[in-house]
Amino acid sequence: MQIPFVGGAYLGRSTAIDTSRSINFFVELSSDQAAKTPAALVGTCGVSLWKRFGTSPIRGIYRFGAYLFVVCGTELYRVDASGNVSTVGSLSTNEGPVYFTDNGIAAQGVGGNQMLILDYTYSYVYDLLDNTIQIHPSANFPTAAIAAAYMDGYVIAAKDSMGITVSELYDLSTYNGLAIAAAIATPDNIKSIVNLHQQLFIIKEFATEVWYNTGTATQDGCPFARVSGAVIDYGTAAPLSTARGDNSLFFLANQRVGDGTGSFIGVVQLQGYSPTIVSPPSIVYRMAQMTDLSSAQAFCYVFAGHLFYQVTFPNDNATFVYDASTKLWHERSTYTDSTEVEFDEDGYPSPKTLLPNKTNRHLASCYVFYNGTHLVGDYRTGNVYTMSSEAYDDNSEPIISTRISPLLTDKTNTDPIFISRLTIDMESGAGTGGTYLNPYGIGYLADGSIFADGLHFAGSTIELTTGGNPSAFLSWSDDSGKTWSGEYEAAIGKQGEYLTRLIWRRLGSARNRAYKLRISSPIKKIVTLASVEASI
């Protein structure tokens, strides 16, 4: 009997309602009605080291023309298409995210050859022709700007207030004191500005105003004005949660209510003037438990037919991902904990690294598609990585892919169900090289050998999982996910052993049972379905 196993993340208010979680697994749907299964779990992409820019965290990456720009610590670096790295200059701050925008490249038609960098304390202008960076020279530019966007040759900027300031045409270093306006449809402050469909979406704390280009010259006033009636009752307290993708806009949203304020309602996808809440109540509940929604950071990326919106809560060590192609959620996790990770001089995890067995945030703090490659910056180190479906680990750190099923119960009978066998169907015979510890709170050496560090979890066992002989581990809960059994291993199959099946026998009885499948081997991971042999 096939059981519901493949799915997204729906764990929320209580495991008594739903235990479903997909960590480092996403769902791919088949459009072929004759396919073996309509949906499968696919392991998330891994990363490999592209370049190391220092020991400080990567704060931002951005493509401008033929170059990639990286902020690592205080330094701004420029990388050309051949991979050559040069140092441009320094910022006045050494931590926290940075934001980029630009006003185009003149050699490509029209443009000002300038890039704006915000670190939310200071603002900077980069000149592409001179390859120089300076503190923003205009006295009319907003102090401690938190938002900026390019549109029609102008760069529109704002601080945490109700006003916007507009640059001169193709000159973002010059701001006319007359080219200002106030977004006053609602009495809350601006948090983000996005150019979407050639309109400015001015996202405030509790509402969003839509503005258009009136054609007014900057010496006569502000070139932009609000579209009549275009006020949307969703805003954000998290400026960096705003990301463009799927021909729309995503952000963590507050919904405005009658008194003009509001509260967190979930993740909104804004398509034109039509908002849709894309996060189910279970995901909204988990996000609402975060201690600091305002610090959330997000980006969108397209990968193999999927549009992903990835949002991380850095102060709460959690990452959630929405897949616009399936409308399902999953979680992403990097195995190590930022407070314990050490890296060697080449940017790889040190043999002294301690690996706690828990779900963390994903390592990526920022993303860019550059020179045909998906690149992400590491929030812990100066590493920029290539992200690829052909990478089966995170720069030598194992990717632990975990699927927790929904509660399996006979809704018409409260008697225990006796389960004689569970079979999980997945792509087998995918063994590779590489050796990893089956992660259970213990460190590992570069050669794969185990060393004692005093951090074993109570009652844990030590297993060794290899890419050459990969295994999957199954555990279960009979009390709605409150406690779990020990883990039981099944071979996935060495390379070429394509007929290997994952089977566990004599699994006892239960009224409500959830299964947890965990795979840490560095292999391609495709799980298609699960079935049981059971009786009452």
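Provided above is the structure to which this section pertains.
Scope of this entry: the structure provided in the associated data block. Being a predicted model, the structure only gives us computed values, none of them experimental. (Residues numbered from 1 in each chain as written. Predicted model: local features only at pLDDT ≥ 70, side-chain atom pairs only at ≥ 80, totals over all residues. Heavy atoms only, no water.)

Moving on, we come to the overall build of the chain. Counting its secondary structure elements, the chain contains 1 helix and 45 strands. Of all 536 residues assigned to the chain, the portion counted as buried reaches 56%. A fraction of 59% describes how many contacts in the chain between residues 6 or more apart in sequence connect residues 24 or more apart. Per element, the accessible surface of the chain, about 21,800 Å² overall, is 49% carbon and sulfur. (Helix = DSSP H or I, 4+ residues; strand = E, 2+ residues; numbered from the N terminus. Buried < 20%, exposed > 50% of the residue type's maximum accessible area, 1.4 Å probe, protein only. Contact = heavy atoms within 4.5 Å. Areas by Shrake-Rupley, 256 points an atom, 1.4 Å probe, with all protein chains shown as cover.)

Let us now look at the side chain of T19. One can find T19 in the loop between β1 (2-3) and β2 (21-23). A polar side-chain atom of T19 sits 2.6 Å from the main-chain carbonyl oxygen of S405. (Polar contact = N/O pair within 3.5 Å; in protein donor to acceptor, adjacent residues only side chain to side chain.)

In terms of strand pairing, strand β8 (residues 75-79) meets strand β9 (residues 85-90) through 5 bridges, oriented antiparallel. Paired with Y77 across the bridge in β9 is T87. Where β8 folds back onto β9 in an antiparallel hairpin, the turn is made up of 5 residues, including G83, whose phi is positive at roughly 90°. (Pairing = 2+ DSSP bridges.)

To continue, consider the pairing of strand β7 (residues 67-72). The buried fraction of β7 amounts to 5 of the 6 residues, a majority that puts the element mostly inside the structure. Direction of pairing for strand β6 (residues 58-64) relative to β7: antiparallel, over a ladder of 6 bridges. Looking across to β7, one finds that I58 is bridged to C72. Following β6, the chain reverses through 2 residues before pairing antiparallel with β7; G65 in that reversal takes a positive phi of roughly 65°. Sheet topology places β7 next to β8; 5 bridges connect them, and they run antiparallel. Bridge pairing in β8 places F69 opposite R78. In this antiparallel pair of consecutive strands, β7 and β8, the connection spans 2 residues, and G73 shows a positive phi of 65°.

The strand order across the open sheet formed by 4 strands is β6-β7-β8-β9, and the pairing between neighbours is antiparallel. Two strands bound the open sheet, and with one partner strand each, they are β6 and β9. Pairwise comparison of adjacent strand axes, ignoring direction, gives a mean angle of 20° for this sheet. (Axes fitted to C-alpha atoms, helices over the stretch in contact; angles between N-to-C directions.)

Here we take up the pattern of salt bridges. Enumeration over the complete set of coordinates arrives at 14 salt bridges. The partner of K524 in a salt bridge is E427, with the nearest N and O atoms 3.6 Å apart. Here E427 lies in the loop between β37 (417-426) and β38 (435-438) and K524 lies in the loop between β44 (514-519) and β45 (526-535), a separation of 97 residues in the sequence. Residue E487 pairs with R518 through a salt bridge whose shortest N-O separation is 2.4 Å. Taken together, the residues E487 in the loop between β40 (471-477) and β41 (488-491) and R518 in strand β44 connect sequence positions 31 residues apart. Members of the salt-bridge network, linked through shared partners, are D188, K204, E209 and R226. (Salt bridge = Lys/Arg side-chain N within 4 Å of Asp/Glu carboxyl O.)

A separate point is the sheet that holds strand β17 (residues 171-182). Reading across the sheet, the 4 strands line up as β14-β15-β16-β17 and stay open at both edges, with antiparallel pairing between neighbours. The sheet terminates laterally at β14 (147-151) and β17, the two strands that pair on one side only. Recorded for the sheet is a direction-independent mean angle of 30° between the axes of neighbouring strands. Relative to strand β15 (residues 154-158), β14 runs antiparallel, the two being bridged by 5 bridges. Note that in β15 the partner of A148 across the bridge is A157.

To continue, consider the environment of K204. Along the chain, K204 falls in strand β19 (residues 199-204). Under the relative-accessibility criterion, K204 is labelled buried at 0%. Taking the C-alpha atoms as reference points, K204 and A253, 49 residues apart in sequence, are found 10.0 Å from one another. If we ignore the near neighbours within four places in the chain, the residues touching K204 are M162, A183, I184, A185, T186, D188, N189, I190, K191, E209, G235 and T236.

Our next topic: the nonpolar core. In this structure, L422, I424, W504 and Y515 are the most contacted members of the largest nonpolar core, which totals 29 residues. Counting residues per element, the ones that place at least two in this core are β3 (25-29), β4 (39-43), β37, β40, β42 (502-505), β44 and β45. The greatest single-element share of this core, amounting to 5 residues, is contributed by β37. Apart from residues lying up to four places away in sequence, I424 is in contact with F5, L474, L502, W504, L517, V527, L529 and A530. Formed by 24 residues, the second largest nonpolar core is a distinct cluster that contains F264, V267, V311 and F320. (Core = buried A, V, L, I, M, F, W, Y, C linked by side-chain atoms within 4.5 Å.)

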